[in-house]
Structures are given as structure tokens and as C-alpha cells.
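So you can see what is in the structure, the chains are spelled out below.
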Amino acid sequence: MTRSLIQAHERVKSLDWETTYVERPERYATKYHIPAKTKDPFRQLLRDFLAMEAEKDDRTYGSLLDVLARTDAVNKADPAFTEALKPLLPAARDGEYYAMQCMMMLSETVENSALRQGYLAQELDEVRHTQSETWLCRYYAKHYHDPAGFNVSARTREWNPFLMPIKAGLSTFASNDPIVNCLNLQVVAETAYTNPLFVAMTEVAARSGDTVLPSLFLSIQSDEGRHMANGYATLAAVLSDDRNLEFLQQDLEEAIWRQHRPLDTLLGIVFDYYRDRNVPTKSYREYWDDWIWHDYAGSYLGKLEKFGLRQPACLAQARQDVHWLGHTGALFLYALWPLCFWRASPLPEEAFDWYEDHYPGWYSYFGPFWEDAVAKADPANRSLALEAFPEIPPLCRVCFLPSVLPRVDLAQIHLEWDGERNHSFCSTICRDMYHRNPELYRGNVNFGERFHGWELADVILEMGLLRNDGRTLIGQPSLDTEKMWTIDDIRAIGWEVKYPLAERKPYRLGHAEVAS
Amino acid sequence: MTRTADRLPEELGGKADFEYVSPKGRRLTEYEAVTCYTQPQVGGGGLQVMGDFKLRPDGRPIFDLDGTALRCDDWFAYRDPNQMWQKPYYALQAGAEKAIDRTTDVVISTGAAAAMDPGWVERGLVGAYLAFAHFEYGLFRALNVAARESLSDTVNSVLVFDAADKLRHAQAISLLSLDLETALPGFDGTAGKGHWLADPTWQAVRRLIEEVMAIGDWGEIVVAANLAVEPLLGEPLRRLVFSLAAARGGDVLVPVIAATATADWQRNARATREFLTFLLGCPGGAGNEEILADWLRAWTDRVAPVATALFEALEGNLPFPGLPDQARSVGREEAARAGADLLDAVPVHA
């Protein structure tokens with residue numbers, strides 16, 4: 001049938017009605033005032049949506065099941081990159097799932113039929129993304145030469161010190177006022193970060209020889225443009241009422257910070273450390289300047305200044321911190337390899353110049369660690385990179401990242417004792433978010449608190465990180481399958497998890513700013 | 001770059017499949033693989049062991065074990081008997097919508113639409129079917145909330161698709177209302193909303209749907225929608241009024257659209273029946289039977305007189321002699337399909 005899309009969309013929007021017999025409960029309260037009528041973010045009927053997505057599915061799943069499976073495409077990629085997908089795919093899936101919850105909350109709360117139609121289409125997108133990314137994880141488990149990690153990731157990721165902060169950041173899509181969820185998801189994560197995640201990541205994948213990941217991620221990215229439109233339409237609706245501005249400025253500031261911290265750490269690591277270094281590409285810092293600083297902050301947010309929305313101050317801090325976040329993150333991540341469910345590989349010395357060229361000063365802070373790491377990758381040497389750390393660094397109560405980011409000597413750690421627990425904060429923003437309602441953060445225990453005093457070998461057993469032979473670790477410090485670490489090697493070293501903040505007494509850190 | 005590597009032996013590489021999901025059958029199905037343990041839930045069988053990163057502003061966790069009075073030690077053990085996940089769901093519904101679109105095109109282009117009995121068009125199509133779009137939309141809103149608050153991904157996905165089914169049917173009716181404006185001179189496709197909002201025939205139904213939309217407990221939403229409202233009202237309307245009466249009125253289009261929604265309902269009824277079976281037998285769920293029976297009794301008592309009044313009114317309006325009795329019969333059949341017979345509650349719609 002041929003019909004006017006504008007008319008059809010208007011007709012579909014009229015399905016909404018204002019209930020009069022029964023007052024609807026306020027399930028997800030918002031402090032924001034949203035006008036009942038605004039512009040449509042896009043006109044999407046379920047009929048067209050289903051046809052479009054079914055067609056995309058046919059192409060995506062078809063190519064993966066047919067030619068890419070027959071050509072063993074998974075095993076033609078650089079395994080260093082494929083190993084990174086073991087944590088990356090479950091992390092992305094968490095984001096999609098929380099995003100689906102976010103859409104359900106927005107569509108329940110926002111009494112605006114134009115916006116609601118946009119949220120509903122996105123909700124179904126997020127179902128697609130959650131399940132297709134899980135499907136892809138299984139595809140790698142079926143086809144990759146080392147399925148260990150892909151086949152257990154939903155369980156082993158839970159205590160992983162690297163994935164916890166990422167999951168915590170993504171959970172902000174569903175743990176707040178629905179409009180604040182929207183700011184975190186659509187206005188920041190999807191608008192600023194999905195290009196790096198879904199477009200540029202496919203470039204990194206392709207340059208690493210992986211043709212599988214791009215097949216799915218580009219299909220997902222084709223939905224993301226609509227999600228950004230949803231975010232912008234919601235933001236425009238919020239800005240159309242002057243009463244919202246006072247909340248919006250602070251909430252946007254916090255949303256940017258909450259997404260920047262974990263996502264820039266993650267992306268910095270993946271872009272700068274899990275790529276084929278023989279192929280000349282930009283550093284993550286350069287990408288960040290293009291996508292976040294110029295495109296997002298300058299262009300997208302800049303256009304909103306005429307509505308009274310100031311440029312969030314934290315962006316300047318984020319720009320400084322991006323210089324080092326990924327490097328410190330990569331160092332910690334590598335040191336934590338026994339607790340991971342993927343194989344890492346030490347940085348070869350021939351790569352050092354690239355880092356020093358793109359990040360002047362890199363060698364003096366990170367070079368010696370990586371030089372040492374090569375020798376420590378061999379189990380015969382009975383030495384762990386973790387031994388460089390006598391203690392787990394303080395973990396931020398809000399974002400779960402080490403409070404020593406972006407670099408130990410540049411960190412702005414805030415420590416507090418509340419009479420029962422020590423709290424560490426990586427920044428004034430995280431600290432202030434916590435203080436606005438500390439009760440909301442009582443439900444969690446971080447890695448250090450959970451395992452303080454445990455021997456590393458016992459933590460590995462508790463987290464289920466052994467391969468099926470019952471001895472060999474899933475995580476390894478190199479890709480060498482001839483020299484794989486066993487639980488006996490770890491036991492022989494006897495490294496113990498120490499997290500002094502877990503003790504029931506005030507913790508003091510020499511060089512940190514300590515608030516009591 | 002074309003590095004390849006030999007596959008590690010299974011004692012090192014492990015199974016070439018997910019090891020963290022216990023399949024219900026002999027082998028892990030695609031549905032189980034892509035659905036199980038995707039919901040980041042603390043407790044109730046969820047794998048998130050470090051607690052909640054941050055609670056919601058009202059102090060509840062993102063996935064609240066107290067969001068329903070129902071109890072289960074492991075919500076993740078539920079399985080959708082339809083094994084539905086996004087790929088087959090989108091393919092199924094894209095096919096349904098394509099069939100509707102083609103049928104609409106043929107019915108309008110051949111003049112069959114213009115041959116419909118004017119009485120059916122006025123009282124059945126506009127007076128009932130277009131109004132019914134809002135019924136479906138209201139249930140969509142209620143089920144969408146149930147999906148948000150539901151525990152475990154396997155329950156969530158059933159409710160997400162159930163809600164989407166309702167939205168799809170509501171939108172299909174809306175599009176039909178627009179398409180018929182081009183085929184039938186003087187046809188006002190917007191009139192259905194007026195019936196929904198003001199026609200006395202529909203006001204008790206609207207009040208009922210608004211009550212379902214306001215239910216706080218997500219488990220109760222499922223019982224109210226799928227064990228009372230749908231069996232006693234929705235499906236008798238689709239099977240009797242929007243199929244038989246429509247056909248008698250020379251309408252070959254509405255029965256096609258309504259049939260796709262009946263197919264959806266039959267799928268959702270199977271999932272609901274399995275939901276009840278699961279809750280009646282799950283560890284930790286000793287009190288579920290009484291709660292479910294109480295809800296079923298209360299909502300059946302609430303819906304039955306509304307259904308009787310609606311079908312009596314339509315019996316005269318359409319006209320459709322014997323409609324109330326036939327609707328009661330269909331209601332019993334559909335309630336049993338969805339699992340009402342598993343509970344020791346009042347006989348359905350006696």
C-alpha cells in the first residue's frame with residue numbers, strides 16, 4: 001500500500017489517550033517537565049521497522065553462517081584482537097540490555113506520543129542488539145580456535161575488575177530518573193561514543209584481519225543514527241522548558257563524566273593496544289579529539305548553547321585525562337591477566353616508538369613495566385606482573401575504576417570513612433554524586449572488598465577461571481599455547497590480594513587529598 | 001594478515017558452545033543461547049554477584065525481586081515454549097505485516113472494500129474494530145511495564161514480544177483506518193477513538209484497560225492481561241466479531257489482520273501456560289499458587305461482567321444473535337489455553 005508516512009505516523013500516534021477513569025501510578029518519576037507535543041525524532045512505523053530489520057538480519061546472519069563460516073574467517077584474524085572480543089562482546093551486550101530497560105522507562109514516563117514512538121522502535125532495536133551480540137559471542141565460541149572465555153563469559157565476567165566499571169557505567173542507562181537515563185544513553189553514550197565503538201572498532205577489526213565483527217557491528221550501527229535522533233529530540237524537548245535548565249546542566253555534566261571514565265579507558269585500551277601495529281592508524285587520543293572534542297562537544301553540544309546550556313566543564317578535564325587513561329588502564333589490565341578470561345600479550349619492544357611518538361613521555365611511565373612483562377609471561381620464571389602492585393589501588397565507589405587514573409601521579413583521589421566503610425572517589429564529580437544520596441550506593445561490593453586477604457590462586461578458583469583440564473588458566477599473559485600458566489604456577493608464587501580499604505578502620509593514603 | 005591457528009584440544013579450549021546455560025532439552029537451543037543470562041540481575045538466579053552498582057532513585061534495585069509478590073529461587077530456569085528470539089520474531093512479524101499490506105492493496109484495488117455491508121462498516125469496523133486498537137495499545141502499555149520489571153531475561157523476552165504483538169496489531173488497525181479513507185467515500189478513520197473515549201458501549205472496557213495499566217505488580221499484570229482480559233474479551237472479539245461478523249459483513253480484510261493477532265495470542269497463551277506451570281513448581285515458589293489463584297479469581301470477576309455487557313451490546317448492534325453465549329464458550333477455551341485450568345480458582349466466566 002502506498003500511503004503518506006506523515007499521515008500514517010500521525011494516525012499511529014493517536015493511539016495514545018489520557019486515562020480518565022484511573023489515575024496512572026508514577027512508576028518512574030522525573031523531575032523534568034516535558035511538553036506533550038514536540039517534533040517527531042523520526043517517523044517509524046512498526047510495519048516498516050520489521051521489514052527493515054528482518055532484511056538486515058537476513059543479510060547479517062546469512063553472511064556469518066555462509067561465506068564467513070566456510071572460509072574460517074574467525075581464525076584468519078590477529079588472535080590478539082579476537083581475544084579482546086571475549087570481554088568486549090559481553091560488555092557491549094550489557095549496554096544494549098540496559099538500553100532496552102531505559103526505553104521501557106522512557107516510554108512509560110514521557111507523555112509525548114512523538115517521542116514515545118521513537119522510544120518504542122529503539123526498544124526493539126535494543127532487543128535485536130542484545131541477542132545478536134550474544135549470538136556473535138557464541139559464533140566465536142563455535143569457530144575460534146580457543147573458545148575458552150567466549151564459552152563462559154556470562155559467568156566469569158562478573159567479578160572481573162576490568163568489566164565491573166564498564167558495567168557500572170552502562171547501568172546508568174536504567175538506574176536513574178528516566179531523563180537522566182536518556183542523557184547517559186542517548187545523549188552521551190550513543191551520540192558521542194557509538195561511532196568509536198561501532199564504526200571505528202570495525203576498522204580496527206578489519207585492519208586486524210577480522211571480517212566477522214564488522215558484519216554485525218555495522219548492521220547495529222545502522223540503527224544507532226535513529227537512537228541519536230531520539231536523544232536529540234528528547235534534549236530539545238527538555239530545553240524547551242526553562243525550568244529544566246538548572247537540572248540539565250548538572251545532569252549532563254555528570255552523564256558525560258560517567259560515560260567518559262569507563263568508555264574512554266576501554267576504547268583507549270582497545271584502539272591503542274589491540275590493533276595491528278603494522279598498519280598506520282591514528283592514536284585513540286587523535287580519534288577522541290576528532291569525535292568527542294570537535295564533533296560532539298564543539299558541534300553537537302555547541303549548538304545547544306543558544307538554549308542556555310553551557311559547555312560541560314568536565315570535557316576539558318576528560319580531554320587531558322584521555323592522554324593517559326588507556327595506558328594506565330592497559331597496564332593494570334595486563335597485570336590482572338590471571339583474573340581475566342582472555343589471553344593477553346605483552347607489548348613488544350618494537351612498538352615502544354609508536355607510543356612515544358603519539359604520547360610523548362609514555363616510555364618513562366610505562367616502558368619499564370612492559371619490558372619486564374615479556375620475561376614475566378613465561379611461567380618458568382615464576383613471576384607475575386601483579387607483583388609490581390603490593391595493593392589493589394583504591395576503587396571509586398561510584399564508577400568502580402581505580403582512583404589512580406588517569407596516571408598515578410596525576411590522580412585526584414578522595415578518601416572517606418563513613419564509620420562503617422572506606423570510600424574512594426576518583427574525582428569531585430563522582431564524590432558529589434555519591435554524597436547526594438549515599439544510600440543508593442550501599443548495595444555493592446567491589447573486587448577489593450570481596451577478595452581482600454585471599455590468595456590469588458583461590459580467587460581464580462572462586463571465579464571459575466580454569467580451563468577444562470582443571471589446571472590451566474583461561475587467562476594467559478601471552479598467546480603462546482606451548483607455555484601456558486597453571487594454577488600450580490600461581491599457587492607457587494603465593495600473591496595475596498590486599499585492599500586495605502576493605503578493613504573496618506579509616507584508610508589513609510600518603511599523597512592523596514583525604515577528606516574525613 | 002592471514003594468521004591461522006590450530007584449534008586447542010577440548011581440555012584446554014573447552015566446549016565450542018556456551019557452558020554456563022543448562023539446556024532444557026538435550027542440546028542448547030539458539031533461543032536459550034541468545035537469551036539466557038543476558039539480564040544483569042542480582043539474586044533470583046541472576047549471575048550478577050557483586051550487588052547493585054547503584055539503586056534506583058526510589059531505593060529499589062534495577063531488577064527488583066520484590067517487584068512482584070510471586071517468588072522463585074531461579075527465575076532464569078523459565079523457558080519460552082515458543083523458543084522465540086529476535087531473528088525469528090522479526091521474520092515472523094515482518095511476514096505478517098507484509099501479508100496485511102498486500103491483502104489491503106488487493107482488497108482496495110479490486111473494489112472489494114467498497115462492497116462491504118455499510119452496517120458492518122459503521123457498527124463493526126468503525127464502532128468496534130477501530131476502537132479495539134486502543135484496547136490493544138493499552139495492553140501494550142501494561143505489558144511493556146511488566147517486561148521492564150520482570151525477573152530474568154527469559155521472562156522478559158516473552159513479555160517484550162507479547163507487548164510488541166499488541167503494538168503491532170494496534171498500529172495495523174490504525175493503518176487500516178487510514179487506508180480505508182482512500183477506498184470508502186466519507187469514511188472517517190479517526191472515529192474509532194471517539195468510540196473508545198465516549199461511546200457507552202466501550203466505557204466499561206476502557207475503564208478495565210486503564211485499571212490493568214495501573215497495576216503495580218508485574219506478575220499481576222500478566223495474570224490480568226493474559227488469563228482474564230485476553231481470554232474473556234480480546235480473543236472472543238477477534239475470533240467472533242472481527243472474523244465471523246466481519247466476514248458476514250463482506251469484510252475480507254479485518255479477518256486477515258485479526259487472524260495474525262490470534263496467532264500471536266496463541267503463542268502468548270502457550271508462554272503464559274508455561275509461566276504458570278513454572279511458577280507452580282519452582283523452588284521457593286510455595287506461595288505462588290494461592291497468589292495466582294487470588295489474582296485470577298479477582299480479575300475474572302472483574303472482567304466477566306464487562307465482557308458480558310460488551311457482547312450483549314454488540315449482539316444487538318451488529319447484529320450477532322447468540323454472541324454472548326459464544327463469547328463465553330470461547331472465553332473458557334482461551335482461558336484454559338493460557339493455563340487458567342492449572343489453578344484452583346473460580347470456573348471461568350460461568
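Residues numbered from 1 in each chain as written. Chains lettered and ligands numbered in written order. Predicted model: local features only at pLDDT ≥ 70, side-chain atom pairs only at ≥ 80, totals over all residues.

(A) Just the nonpolar core, in detail. A:Cys102, A:Ile460, B:Ala142, B:Leu143, B:Val212, B:Ile221 and B:Val229 are the most contacted members of the largest nonpolar core, which totals 279 residues. Element by element, the count of residues in this core is highest for helix H4 (residues 118-149) of chain B, at 19 residues. Not counting the four nearest positions on each side in its chain, A:Cys102 is found in contact with A:Phe173, A:Ala174, A:Asn181, A:Cys182 and A:Leu185. (Core = buried A, V, L, I, M, F, W, Y, C linked by C-beta atoms within 7 Å. Buried ≥ 20, exposed ≤ 12 C-beta atoms within 10 Å, placed from the backbone. Helix = DSSP H or I, 4+ residues; strand = E, 2+ residues; numbered from the N terminus. Contact = placed C-beta atoms within 7 Å.)

(B) Spatial organisation of the packing of H4(B) against helix H6 (residues 191-198) of chain B. Residues and elements named next belong to chain B. Across the interface, H4 lies against H6 with an axial gap of 7 Å and an inter-helix angle of 75°. What the angle tells us is that H4 and H6 run roughly perpendicular. Contacts between H4 and H6 pair Val126, Gly127, Leu130, Ala131, Ala133 and His134 from the former with Ala191, Gly192, Lys193, His195 and Trp196 from the latter. Partitioned by chemical class, the residues of the contact of H4 with H6 number 6 nonpolar, 4 polar and 1 charged. (Axes fitted to C-alpha atoms, helices over the stretch in contact; angles between N-to-C directions. Parallel < 35°, antiparallel > 145°, perpendicular 65-115°, else oblique. Nonpolar A, V, L, I, M, F, W, Y, C, P; charged D, E, K, R; others polar.)

(C) Up close: the interface of chain B and chain A. Contacts between the two partners involve 82 residues from chain B, matched on the other side by 82 residues from chain A. Where the side of chain B that touches chain A is concerned, the elements lending two or more residues are helix H1 (10-13), helix H2 (30-35), helix H3 (86-109), H4, helix H5 (153-183), H6 and helix H7 (200-213) of chain B.

(D) Main features of the confidence of the model for chain B. The share of residues in chain B with pLDDT of 70 or more is 97%, and the mean pLDDT across the chain is 96. Predicted complex, confidence summary: ipTM 0.96, pTM 0.96. (pLDDT = per-residue confidence, 0-100.)

(E) Representation of helix H9 (residues 212-239) of chain A. Its 28 residues place the ends of H9(A) 41 Å apart at the C-alpha level, agreeing with the 40 Å of an ideal helix rising 1.5 Å per residue. For H9(A), the principal kink sits at A:Asp223 and spans about 30°. (Expected span 1.5 Å × (residues − 1). Bend = angle between axes of the 7 residues up to and from the residue.)

(F) Broad picture of unusual backbone geometry. Put simply, A:Leu405 and A:Pro406 share a cis peptide bond, and its omega is 10°. Position of A:Pro406 among the secondary structure elements: in the loop between helix H14 (362-376) and strand E1 (414-417). In the segment running from B:Leu318 into B:Pro319, the intervening peptide bond is cis, with an omega of -15°. Take B:Pro319: it is sitting in the loop between helix H10 (288-317) and helix H11 (323-338). Positive phi outside glycine occurs at A:Asp72, with the angle close to 55°. Among the secondary structure elements, A:Asp72 is positioned in the loop between helix H3 (67-70) and helix H4 (79-109). In this structure A:Asp72 comes out as exposed when scored by C-beta crowding, with 12 C-beta atoms within 10 Å. Its identity as a non-glycine residue notwithstanding, A:Arg382 has a phi of 50°, on the positive side. Following the sequence through the fold, A:Arg382 ends up in the loop between H14 and E1.

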